[in-house]
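# Working through the structure, step by step
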Amino acid sequence: MESEWVLSRLFSGEWVSGQEIAESQGVSRAAVCKQIKILRARGYEIESSTRKGYRLACRPDLLDAALIRSGLETRAVGCRVQCFREVDSTNRVARSLARDCPNGAVFISERQTEGRGRLSRSWQSPTGGVWMSILFRPDLPLPDAHRINMAASVAVARAVSKLYGLDPRIKWPNDILIGERKLCGILMEISAEVDRIDCAVVGIGINANVDVSGFPLEWKSTSLSQELGRDVSRVELIQKILQEIDIIFGGIDFKDLYREWCDRSATLGKMVRVTSGGGDVVGQAVELSSDGALIVASKGTSVRVLAGDCIHLREI
């Protein structure tokens, strides 16, 4: 018996007898008591009563695999969840363990010491945020890899909107904004053989209960706690994101996904500067192509940018 099972029985917050838990698993009361001690050591406040049994006094904001799995309703995404106190990068962990992990495996850390954004920029990942990576083994040709990025962006936007009533927007290619302030960054890394995707690792970094006042001003950062004036349940947020991704990968039509990705865009219609391998392009963002490219009207012509760093410019 693992502590995950005990936790799932206590998740309702009601009293549950130790004998009932033991009989349901075919183990001794001593084994149940051992798992209770393990859960308490991990930070769970569990009350005990000789007559009533055990009760989870509150749901702590712990990034615990058992807690996340106990309330997760998905088919594939989140089939395996691993949580760490500190790693250099959840994407690196996911890549290093990919060979032995199934499609939909999730890797989460309380803190990253070497978090990265686009163009290998450093990404501050202090305690209080959601720093996670998801391993996908999609049946997709390499040219369709952008669909994974679209799905992740839309899923995060959906989750934030449904849980908190905010209006998150997707800044091309893969940031989530509240207003013009960055809430979340997404970084996808792909391993491919010939023209087929072997696996894709999608890193999602969200400023959940993070104090962003110490971040550089040019980052234009915000957090959920700052926007709402209160802390949020990171477990609930993770579960909702994983559920939304699972729904999308469970069979949503790509045309519908693409349409929603466009509808949620923060970039369309804006004056932008896009830096890519071909240099800088300055102009108005007029279209998002179904292959993920941004079309910029610049100096009387249309420039198609498939990948790059985008800055929203102030209207003159």
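Structure's up top.
Presented here is an overview of the structure given in this document. (Residues numbered from 1 in each chain as written. Predicted model: local features only at pLDDT ≥ 70, side-chain atom pairs only at ≥ 80, totals over all residues. Heavy atoms only, no water.)

## A short note on the sheet that holds strand E13 (residues 301-305)
Ordered by their spatial adjacency, five strands build an open sheet running E13-E12-E11-E10-E14, and the pairing between neighbours is antiparallel. Of all strands in the sheet, those with a lone pairing partner are E13 and strand E14 (309-312), marking the two edges. Across the sheet, the axes of successive neighbouring strands diverge by a mean angle of 45°, strand direction being ignored. Relative to strand E11 (residues 279-288), strand E10 (residues 271-276) runs antiparallel, the two sharing six bridges. Note on E11: the bridge partner recorded for valine 272 is glycine 283. (Pairing = 2+ DSSP bridges. Helix = DSSP H or I, 4+ residues; strand = E, 2+ residues; numbered from the N terminus. Axes fitted to C-alpha atoms, helices over the stretch in contact; angles between N-to-C directions.)

## What to know about the pairing of strand E9 (residues 196-206)
Of all the 11 residues making up E9, nine are buried; the element is thus mostly covered by neighbouring parts of the structure. Looking at chain direction, strand E5 (residues 130-136) and E9 are connected through seven bridges and run antiparallel. Looking at the pairing, serine 133 lines up with glycine 203 of E9. The sheet contact formed by strand E8 (residues 181-193) and E9 spans 10 bridges and is antiparallel. For alanine 192, the partnering residue across the bridge sits in E9 and is isoleucine 197. The turn linking E8 back onto E9 is made up of two residues, and valine 194 within it adopts a positive phi angle of 55°. (Buried < 20%, exposed > 50% of the residue type's maximum accessible area, 1.4 Å probe, protein only.)

## Quick notes on the nonpolar core
Core analysis: the biggest nonpolar cluster contains 76 residues, and Met132, Val156, Ile204, Ile206, Leu224 and Ile241 have the highest contact counts within it. Ranked by residue count, the leading element in this core is helix H6 (residues 146-164), at 10 residues. When near neighbours in sequence (up to four residues on either side) are disregarded, leucine 224 contacts Val160, Tyr164, Leu166, Leu183, Ile206, Asn207, Ala208, Arg230, Val232 and Leu237. Val87, Ala98, Ala105 and Cys199 belong to the second largest nonpolar core, which has 10 residues in total. (Core = buried A, V, L, I, M, F, W, Y, C linked by side-chain atoms within 4.5 Å. Contact = heavy atoms within 4.5 Å.)

## With respect to the packing of aromatic side chains
Summed over all chains, the structure comprises three aromatic pairs. Taken together, a centroid distance of 4.8 Å and an interplanar angle of 20° make the contact between phenylalanine 136 and phenylalanine 249 stacked. You can see phenylalanine 136 sitting in strand E5 and its partner phenylalanine 249 sitting in helix H8 (residues 234-249), a full 113 residues away along the chain. Taking the relative accessible area as the measure of exposure, phenylalanine 136 reaches 5% and is therefore buried. Seen in terms of ring centroids, phenylalanine 254 and tyrosine 258 are 6.3 Å apart; in terms of plane orientation they differ by 20°. Their pairing is stacked. (Phe/Tyr/Trp six-rings, centres within 6.5 Å; stacked < 30°, edge-to-face > 60°.)

## Comments concerning the side chain of glutamate 260
Structurally, the position occupied by glutamate 260 is in helix H9 (residues 254-263). Setting aside residues no more than four positions away along its own chain, glutamate 260 makes contact with Val154 and Arg158.

## Some points on the side chain of serine 133
Residue placement: serine 133 occurs in strand E5. Side-chain polar atoms of serine 133 contact the side chain of asparagine 91, separated by 2.5 Å. In this view, serine 133 contacts Thr90, Asn91, Ala94, Ala105, Val106, Phe107, Val201, Val202 and Gly203; residues no more than four positions away in its chain are not counted. (Polar contact = N/O pair within 3.5 Å; in protein donor to acceptor, adjacent residues only side chain to side chain.)

## Looking at the sheet that holds E9
Spatially, the seven strands line up as an open sheet ordered E3-E4-E5-E9-E8-E7-E6, and their pairing is mixed. A strand with exactly one partner marks an edge of an open sheet, and here the two such strands are strand E3 (81-84) and strand E6 (169-171). Across the sheet, the mean angle separating the axes of adjacent strands is 20° when strand polarity is ignored. Sheet analysis places strand E4 (residues 106-109) next to E5, joined by four bridges and oriented antiparallel.

## Focus on the pattern of salt bridges
When the charged atoms of two side chains with opposite charge come close together, those side chains can pair. Inspection of every chain in the model, using the stated rule, returns 18 salt bridges. Taking the shortest distance from any N to any O, the salt bridge between glutamate 20 and arginine 9 comes out at 2.6 Å. Remark: arginine 9 occurs in helix H1 (residues 3-10) and glutamate 20 occurs in helix H2 (residues 18-25); sequence separation between them is 11 residues. Residue arginine 9 is classed as partly exposed on the basis of its relative accessible area of 21%. Between aspartate 291 and arginine 304 there is a salt bridge; the shortest N-O distance is 1.8 Å. (Salt bridge = Lys/Arg side-chain N within 4 Å of Asp/Glu carboxyl O.)

No statement about biological role is implied by the geometric values presented.
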